[in-house]
Amino acid sequence: MNTLSVDHQTVAIKNEKSLLELIRNMGIELPTFCYNSELSIYGACRMCVVEIEGRGIVASCSTPPAPGMKIFTNSPRVQRVRKTVLELLLANHDRECTTCEKSGHCKLQELAERFGVRKIRYGERDLKLPLDTSGKSLVRDPNKCILCGDCVRMCWEVQGIGVLNFSNRGSKVQVGPAFNKNLAEVDCVNCGQCSAICPTGAIVVKSEIDAAWTALHDPTKLVVVQVAPAVRVALGEEFGLPAGEIVTGKVVAALKKLGFDKVFDTCVSADLTVLEETHELVERLENPADLPLFTSCCPAWVKYAEHNEPEFLKHLSTCRSPQQMFGSLVKKYWAKEMGKKPEDIFTVSIMPCTAKKFEITRPEFTTDGIPDVDLVLTTQELARMIRESGLLFHQLEAASFDTPFGFTSGAGVIFGASGGVAEAALRAAYEMISGKVLEQVNFEEVRGFQGLKEAAVNLDGNEIKVAVVHGLGNAKKLIGKIKTGKSFYHFVEVMACPGGCIGGAGQPVAVEKAVKEARAKGIYHADILSQLRKSQDNPIIAKLYEKWLEQPNSHEAHATMHTKYITRGRITGEDIQLLTSKHQQKLDVAVCVGTCCYLKGSYDTLQELMRRADQAGIGDQINLHATFCLEGCSQSPSVRINEEIVGGVSPEQVDSVFTSKILNRSQR
Amino acid sequence: MDTDILTEEPQAMIPRRRFEKVNEIIERNGKLQAVLIPILQEVQAEYRYLPEEILTYIAMVLNLSPATVYGVATFYAQFSLEPKGKYVIKICDGTACHVRGSDPVKDAIRKRVGLKEGCPTTTDLKYTVETISCLGACGLAPVIMINEKIYGQMTPQAINIIIDKLETEEGDAK
């Protein structure tokens, strides 16, 4: 049997990939910043060092176990190296711990305390770099970055985006978006997973607590709050309760004590989403078009699709997310019933999500200058408000949600876990298609933490193929397979965060998978505890249609509960200038070479345009440039001639477009 | 309408030729992530620097994130994200050159080409002046290099002669 020794104790080598794994399994918590079981091995932070006899100091995360190794995890040399590493990291770190957003949850703070670092021999950071506050969801503070690369690998390996990367070299190394741009200028989707994995306060969630207090203290406002499903199984963690414990009643009680006038449940609008979305699905199944239908509840996924998959936007359900449906219900219908103007109502949502902060600012969700949802607070921000107010969470008496948006089905609750939306939709689709009552409501195939979950569900003779992905990297892979025809589905659920909303970046910090699993268990348990399990059985939903929305996908429902999407370029930037006109009256021609257009041959279009311009001898009358996105991706390749966008200009089409739109406006 | 046409500038067509070159370079190297560095080197040889929009374009073609390409381009000293002059003058400031007076040589060059404080490149994009650590020609210290050519045993006086000669050649070429 292969063995090695750790601190004089003989241990068998099983299948551990690294010494770190093996030593941690023995119950020794090796410190680390850059090791995370969900990400690739990086070996940069040097905190997990151990001493191997004959080899000296090595990083345990990147050293595989070998028989006969004699390892020391706490030798004087190891102790010295770790402390020095910490000191060096701290010397280059803005040490304003008391005013840091991450204080109390910071790994650097925790390890400095654990190793008793009391003095830093290397002075302080003298260079103050500017903060990036451009985004609606996240704030980046490069002065607090320890260059562990966790966010870089999270964004690329798990989310498949790669907004952040290292730049420069040596003492000038920084982590940030391309060309030192702000997060708002690049294809960041605001999922916030970078902030969730950041061991320090270098990327944090933008706090809106002050604005929440201001609204609560404003006597002219009726402050209404909605609570997302995933919050109820995670908030307790902030107050010492186990992960996954259902604390719905306490959350409601706390919100009422904080001064919210009405406390409502987002699960109600999740039930509404199920009906709207399932009707859309059934419609598309009946007249097969734009399949698969993708879910649209997750704002990070929606923004990802807008940046990267413009051809698939017509596949996205037009349903607004439950948060936005809720905002619409409250401000457009319920307000009237209460005799209030929309501007006198302030709607807050408690969300596990950072992208929701961006979602409320989308222009589609503002009606006559008034946002449907005014403010988003994350689970963590709510925890802070509860602490600030001095409420003892564990002593709170459970309270109930207010009417009319307080009663939900289990299907609305499971929206919080990956697979939940698909399962809720299947529960509705079955009854809608077959006209029979669904007895067995659980669809276990779509539950769990596998990156891609597939199910072929027989809905009364019709086989519906469903896929569920979480983590945008998995979505990217799946879309690749759909595009090449390797896979076919009728319905696809996408959630940007691993595990779904329960793993959102607004939740209490949880790196361990076990915590997310416990939360998911809590969600499914809440489903079982529900009196009703199917959205279509919820009497409140029936009432909403009766009173306000007529019927699913009605004209009225479309106006207030559905939305549309836009295409977005991946990065803001300048065009590539190719020809410069020397005439006063010039013709401006821009050829899109963004991803979509490029793949459809826009480069050849460009070449062909230049050739034709030369041939006609008008090369000097045209301002010709290549641009990165004309946001006309659905009919790419696109060309903009002065203000007019012309779609479908393939190289073969250049001749006719050139003759009809360019040549006749030129001066020769 | 010919009166509208400004003075003829042969350079006006350069950007276009270069963009065609970028595509040629990419096609020749293959659209592989592994050849990012050779592509950047060739593009820089063409443009004398790496323009932001070209880097974005390369990222898109190679299916990399712009941040990754930016990371590579800022890592290596050989790449520049700022436009460089037609003549890149590298002044060696290694130990040998430093003790033999590379500083006065540098000052003389900067003064001669009319560089403002803190700017490495002249506004007409003719000259870029930079110091580097060692050219490996310590026997000839102090050494400078203009584009690919080495000049040894420099003095502030010699600088004037060399740049005069460059200017004359430039004039002849026109």
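A brief look at the structure comes next. Because the structure is a prediction, the values reported are computed rather than measured. (Residues numbered from 1 in each chain as written. Chains lettered and ligands numbered in written order. Predicted model: local features only at pLDDT ≥ 70, side-chain atom pairs only at ≥ 80, totals over all residues. Heavy atoms only, no water.)

1. Side note on the pattern of salt bridges
Residue and element names in this part refer to chain A. Condition: Salt bridges are defined as contacts in which a side-chain nitrogen from Lys or Arg sits within 4 Å of a carboxyl oxygen from Asp or Glu. Labels follow the DSSP assignment, with helices taken as runs of H or I lasting at least four residues and strands as runs of E lasting at least two, numbered in each case from the N terminus. When accessible area is computed with a 1.4 Å probe and restricted to protein chains, residues below 20% of their type maximum are described as buried, those above 50% as exposed, and intermediate ones as partly exposed.
Overall, the coordinates contain 41 salt bridges over all chains when judged by the stated rule. For R153, the salt bridge identified is with D150, shortest N-O distance 2.7 Å. Here R153 and its partner D150 are both found in helix α4 (residues 150-158), 3 residues apart, which amounts to about one turn of the helix. Neither residue differs from the other here; R153 and D150 are each classed as buried. Between E359 and K356 there is a salt bridge, with the nearest N and O atoms lying 3.2 Å from each other.

2. A short note on the sheet that holds strand β13 (residues 345-351) of chain A
All names here are of chain A. In plain terms, the rule: Should DSSP find at least two bridges between two strands, the strands are regarded as paired. A fitted line through C-alpha atoms serves as each axis, taken over the contacting stretch for helices, and the angle formed by two N-to-C directions is quoted from 0 to 180°. We call two residues contacting when some pair of their heavy atoms lies within 4.5 Å.
One open sheet holds the 4 strands; their spatial order is β11-β10-β13-β16, and the pairing between them is parallel. Each edge of the open sheet carries a strand with a single partner, namely β11 (262-265) and β16 (375-378). Strand-to-strand twist of the sheet, defined as the mean angle between neighbouring strand axes without regard to direction, takes the value 25 degrees. Judged from the 4 bridges that link them, β13 and β16 form a sheet pairing that is parallel. In the strand pairing of β16, S349 is matched with V376. Sheet strands touched by helix α6 (residues 209-216): β10 (222-227), β13 and β16. Its angle to β16, the strand with the most contacts, is close to 120 degrees.

3. Comments concerning the sheet that holds strand β3 (residues 144-146) of chain B
All names here are of chain B. Taken in spatial order, the 4 strands make up an open sheet running β2-β1-β3-β4, and their pairing is mixed. The open sheet has two edge strands, β2 (127-132) and β4 (149-151), and neither has a second partner. Strand-to-strand twist in this sheet, taken as the mean axis angle between neighbours without regard to direction, amounts to 20 degrees. Two elements, strand β1 (residues 87-92) and β2, share 6 bridges in a ladder whose sense is parallel. Within β2, the position partnered with C92 by the bridge is I132.

4. Description of the packing of helix α8 (residues 266-286) of chain A against helix α17 (residues 539-549) of chain A
All names here are of chain A. Rules: Here is the rule for angles: anything less than 35 degrees is roughly parallel, anything more than 145 is roughly antiparallel, 65 through 115 is roughly perpendicular, and the remaining ranges are oblique. Throughout this entry, Asp, Glu, Lys and Arg are counted as charged residues, while Ala, Val, Leu, Ile, Met, Phe, Trp, Tyr, Cys and Pro are counted as nonpolar. The remaining residues, Gly among them, count as polar.
Where α8 meets α17, the axes come as close as 10 Å, and the angle between the chain directions of the two elements is 70 degrees. With respect to each other, α8 and α17 are oriented roughly perpendicular. Counted together, V268, D271, L272, L275 and E276 of α8 and I540, I541, L544, Y545 and L549 of α17 form the full contact between these two elements. Among the residues making up the contact of α8 with α17, the classes are represented as 8 nonpolar, no polar and 2 charged.

5. Digging into the environment of D527(A)
Residues and elements named next belong to chain A. With respect to the secondary-structure elements, D527 resides in helix α16 (residues 513-529). Linking D527 and E124, residues 403 residues apart in sequence, is a C-alpha distance of 53 Å. Not counting residues within four places of it along the chain, the set of residues in contact with D527 comprises G410, A411, I414, R427, N442, R447 and R533.

6. Focus on the nonpolar core
Taken as a class, soluble globular proteins show a tendency for nonpolar side chains to be buried jointly. Applicable threshold: Nonpolar cores were defined as sets of buried Ala, Val, Leu, Ile, Met, Phe, Trp, Tyr and Cys residues, with membership established by side-chain atoms within 4.5 Å.
One finds L235(A), W301(A), F19(B), L40(B) and Y57(B) to be the most contacted residues of the largest nonpolar core, which totals 146 residues. Of all the elements, helix α3 (residues 52-61) of chain B adds the most residues to this core, at 7 residues. Leaving out residues up to four positions away in the same chain, F19(B) has contacts with I576(A), L578(A), Y603(A), L606(A), A626(A), Y47(B), I54(B) and Y57(B). Grouped together as the second largest cluster of nonpolar side chains are 23 residues, F264(A), L272(A), L275(A) and M561(A) included.

7. Observations regarding the packing of helix α2 (residues 76-91) of chain A against helix α3 (residues 107-114) of chain A
Residue and element names in this part refer to chain A. Note the cut-off: Helix crossings fall into two classes, left-handed where the near helix is turned counterclockwise from the far one by less than a right angle and right-handed where it is turned clockwise.
Between α2 and α3, the least distance of the axes is 11 Å, while the angle of their chain directions is 135 degrees. Relative to α3, α2 is oriented oblique. In this structure, the crossing between α2 and α3 has a hand that is left-handed. Residues L86, L89 and L90 of α2 pack against L108, L111 and A112 of α3. Looking at side-chain class alone, the contact of α2 with α3 contains 6 nonpolar, no polar and no charged residues.

Read these as layout, nothing more, since geometry by itself doesn't imply function.
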